[in-house]
Amino acid sequence: MHLPQTSAGRSIVLCFLALAFASLLNAEGLRKTAETQPQGVRRDLALEVTHPLVGVSRALHLSTPRHELQIAIGRAAEDRIDATVHLGRSQVSHLPRSTPKRPAESRTPDHPARRTLTRPLRVWVGGDSLAQVPGEALERRSGKGRMLEFGSVESRLSTGLARPDLYNWFTRIGQVISDLHPDVAVLSFGADDAHDYMAGVPRGRTVGPFGSPSWRAEYRRRVDGVTREFSAAGIVTIWIGLPIPDGPGFRRSFPIVNSILQSVARAHPKEAAYVDTWHALDGAHGTYTPYLRVNGKLTLMRLPDGVHYTAAGGDVVAEEIIRDLGRFYALP
Amino acid sequence: MLFPTVTFAVFFLIVLPVSWALMPRQRVWRVWILIASYVFYAWWNWRFVFLLGASTLVTHALAVAIHRAREPRLRKTFLGLALTFDLGLLAYFKYAGFFVTSLDNALGRLGVENASWIVNVTLPVGISFYTFMAISYVVDTYRGQLVPSSLARFAVFQAFFPHLVAGPIVRASELLPQLERPRDSRRIDNGRAFALILSGLFLKVVIANQLASHIVDDVFAAPNRHSSLEVLVGIYGYAVQIFADFCGYTNIAIGIALLLGFRFPQNFASPYTAVSLQDFWRRWHMTLSRWLRDYLYIPLGGSRKGRLRTYLNVMLTMLLGGLWHGAAWTFVAWGGIHGTVLAVERLARDRRAARGLAAPADTALRRWVGRIVTFHIVCFGWIFFRADSFGRARDVIERLFTAWGTASPLVTSSVVLAIGVGIGGQYVRPEALGRVFGAFQRLPVGAQAACAAVALMVIDTLGPEGVAPFIYFRF
């Protein structure tokens, strides 16, 4: 097929013009992308560029086609950023003290009375990308005769409790409680929270570097708040800990998150549990291993990135979750 | 660095004008494009840049040695060394874990005490693609079909960023001549380039991502939780998803190369319109099909060593083609399904020929029956390709027959529409597309930019939030 041809100069002009027009038409989406970048020069630069872009786009009504299309497909609110940490009655507008008065770890755990089931348990799974595979494994274990009724897995890549501006799990958790009425909420958060920046803190305030006492205190407040939200609605919360990772960076950051999840679960022994995936998936010497033996067979547990689970790894985590559920319910 | 991201857009807006500005000074251009390609590759994991560099240096050195050697035995030795090196890299980085676990589990079944050693190797993105290009380079040199170029040209050939991580698998004889002299800056196929880039983005961002998140992932994760209709639509959905994902990527790659002045071979030609499996492989991942034909099937003897050997060669080629896609037995099974059906089709043709019967008349009914049967054989193969184990594949197949009449909330109008567009789009005639390209090409540059911008806005708005990685990146 012979087509008329043109010059490279024209192609370059066309590329620049097309992307410039597209930037104006998509300015709101670009602004959201910029806002949700990790703190740093890249975010600052992106905000510097997108701020005037949105101004021009709105002035020329060029953001209207995108907005109208979003309304037509039922996604009108997609470009809005809601960074408020909604934690119901436990919501506070100020940052907590950097050190809790009484560390939760020192409390003696109570043992909840096991509830007898008269109908299958409704399970909802939510969290970052690490929630997906264990959620699917739980789904495979649910069904008739198992007293587990699976709701859904809501897994959103690169989200967490530190960045409600990226995806507001606090808002979503409120909706889940009121709309889905689960008996159990299985949550996997933290892998994408290990940054020096947290959204949803009062303007002009920061939480300090990742792992600092103030960071830990604020993160603990959020985890604790979510647990209380579910607990107030009579929902048991299962916090899935982060698995032992391959790589020194994550190996330093994951235990910090795990210690917070674990301490909050310990502080709410009747309403929450912590699933220790770190030790469920580590090797014989407590080190990272991609393989474990399952029924004598060497089985791949982890994806090549050294963080995410394979389906077999998800099965191991699901087994741990069901075992923990046995603390609260008399499962068959 | 993924194509449908702002990062890549910025990267390309820098690379494109500088590339054309430096084009007349070929040496400087080669340095520039090599730096750009290595930066593109390093975006995933900078350590693997050294692996790519080592592959280039060793492959080129051995190709030159093959070319210079006069002694046939010496040439063969150098070829063996090159193949051992390139396939060794692939075997180690892609298949070490697979081989170790398969061996360990086989020994375990025989009652031999398991003495496993754990292998934990990160798969470098694109290694299957650039290794195949390296192999074609040394084999073509050995066959006397190619004279090795300079190291710099070969480095650009192997690392050129549009094809680096997921193809198409470009041959040295196709790209190296284009690297010999500056590209003509007055002969750019703008219309085709933009149509390919925009259609690729649409296929990936709108069709593939929607199908993955709305039905396919759910169905293949827990087939027993879904109705037969959902499972059936999920399988059709995966057939369209993998086509949209991979064809989308290569369309963008070909379009980007065109804007830089280079022509890549076509990689897809409406594969779901194929009337037989042989026809399917002439339309699906065409650059891999011809690679397997020229560097595996023909060296194995092709169809020159009798009928039985021909069927065996077809089967071996497809089994290894399956393994190329992933280090798991499910991929081998996928290759086995294709190999079996290809061998059966060939057997039927051979028998007809042996009886002196003419080929059946090419009627519309026969074509449609062929298309429907072929599509369903391909879909059956995709079950094994997508499932993470044989157990899961069995669950999918069982569920296909055992849960009719139950609710199917995942079968929504948007899912059916995406599947319809993905398959129906393949029946659009190339001439019609050509008219669209031509009409775009004749527009003033401002109007062209406005059209492209509106298309980008629609694609971005319709696609789900975030960018899912391309399926073929893991191969």
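Right above here is the structure, for reference.
Everything quoted here is computed from the prediction, not taken from an experiment.

## Topic: the overall build of chain B
So, point 1. Across its full length, chain B carries 19 helices and 0 strands.
So, point 2. Computed over the C-alpha atoms, the radius of gyration of chain B is 23 Å, within 12% of the 23 Å expected from 2.2 N^0.38 for a compact globule of 475 residues.
So, point 3. On the principal axes, the C-alpha backbone points of chain B span a range of 70 × 60 × 55 Å.
So, point 4. Counting across all 475 residues of chain B, residues that qualify as buried make up 44%.
So, point 5. Once local pairs closer than 6 in sequence are excluded, the contacts in chain B between residues at least 24 apart make up 75%.

## Some points on the packing of helix α4 (residues 64–72) of chain A against helix α19 (residues 445–462) of chain B
So, point 1. Between α4(A) and α19(B), whose axes approach to 10 Å, the crossing angle comes to 35°. The handedness of the crossing between α4(A) and α19(B) comes out as right-handed. Contacts from A:Pro65, A:Arg66, A:Leu69 and A:Gln70 of α4(A) reach α19(B) at B:Met457, B:Val458 and B:Thr461.
So, point 2. In terms of residue class, the contact of α4(A) with α19(B) is made up of 4 nonpolar, 2 polar and 1 charged.

## Considering the packing of helix α6 (residues 151–159) of chain B against helix α8 (residues 172–180) of chain B
The relative placement of two packed helices comes down to the angle between their axes together with the axis-to-axis distance.
Residue and element names in this part refer to chain B.
So, point 1. In contact at an axis separation of 10 Å, α6 and α8 are set at 125° when each is read in the N-to-C sense. Comparing the axis directions of α6 and α8 gives the class oblique. Along this stretch, α6 crosses α8, giving a crossing that reads as right-handed. Of α8, the residues touching α6 (which contributes Arg-153, Val-156 and Phe-157) are Ala-172, Leu-175, Leu-176 and Leu-179.
So, point 2. Here the residues of the contact of α6 with α8 are counted per class, giving 6 nonpolar, no polar and 1 charged.

## Points about the interface of chain B and chain A
So, point 1. Contact with chain B, which involves 53 residues of that partner, is made by 43 residues of chain A.
So, point 2. When contributions to the side of chain B that touches chain A are tallied by element, the ones reaching two or more residues are α1 (6–22), α4 (72–109), α9 (190–221), α18 (430–442) and α19 of chain B.
So, point 3. For the side of chain B that touches chain A, the element with the most residues is α19(B), which contributes 14 residues.
So, point 4. Tallied by class, the residues present in the side of chain B that touches chain A amount to 24 nonpolar, 20 polar and 9 charged.

## Topic: α4(B)
So, point 1. The end-to-end C-alpha separation of α4(B) is 45 Å, well short of the 56 Å expected for 38 residues at 1.5 Å each.
So, point 2. Considering bend angle alone, the principal kink of α4(B) is centred on B:Tyr95 and spans about 70°.
So, point 3. Of all the residues in α4(B), the buried ones are B:Phe78, B:Leu79, B:Ala82, B:Asp86, B:Leu89, B:Leu90, B:Phe93, B:Lys94, B:Gly97, B:Thr101 and B:Asp104.
So, point 4. Of the surrounding elements, those touching the buried residues of α4(B) are β6 (291–294) and β7 (297–300) of chain A together with α3 (48–68) and α5 (127–142) of chain B.

## Some thoughts on unusual backbone geometry
So, point 1. Unusually for a residue other than glycine, A:His61 sits at a positive phi of about 60°.
So, point 2. Residue position: A:His61 is located in the loop between α3 (41–59) and α4.
So, point 3. Even without being a glycine, B:His285 presents a positive backbone phi close to 40°.
So, point 4. Checked against the element boundaries, B:His285 lands in the loop between α11 (277–283) and α12 (286–297).
So, point 5. Residue classification places B:His285 among the buried residues on the basis of 23 C-beta atoms within 10 Å.

Definitions and limits used
Residues numbered from 1 in each chain as written. Chains lettered and ligands numbered in written order. Predicted model: local features only at pLDDT ≥ 70, side-chain atom pairs only at ≥ 80, totals over all residues. Helix = DSSP H or I, 4+ residues; strand = E, 2+ residues; numbered from the N terminus. Rg over C-alpha atoms; globule rule 2.2 N^0.38 Å. Buried ≥ 20, exposed ≤ 12 C-beta atoms within 10 Å, placed from the backbone. Contact = placed C-beta atoms within 7 Å. Axes fitted to C-alpha atoms, helices over the stretch in contact; angles between N-to-C directions. Left-handed = near helix turned anticlockwise from the far one by under 90°. Nonpolar A, V, L, I, M, F, W, Y, C, P; charged D, E, K, R; others polar. Parallel < 35°, antiparallel > 145°, perpendicular 65-115°, else oblique. Expected span 1.5 Å × (residues − 1). Bend = angle between axes of the 7 residues up to and from the residue.

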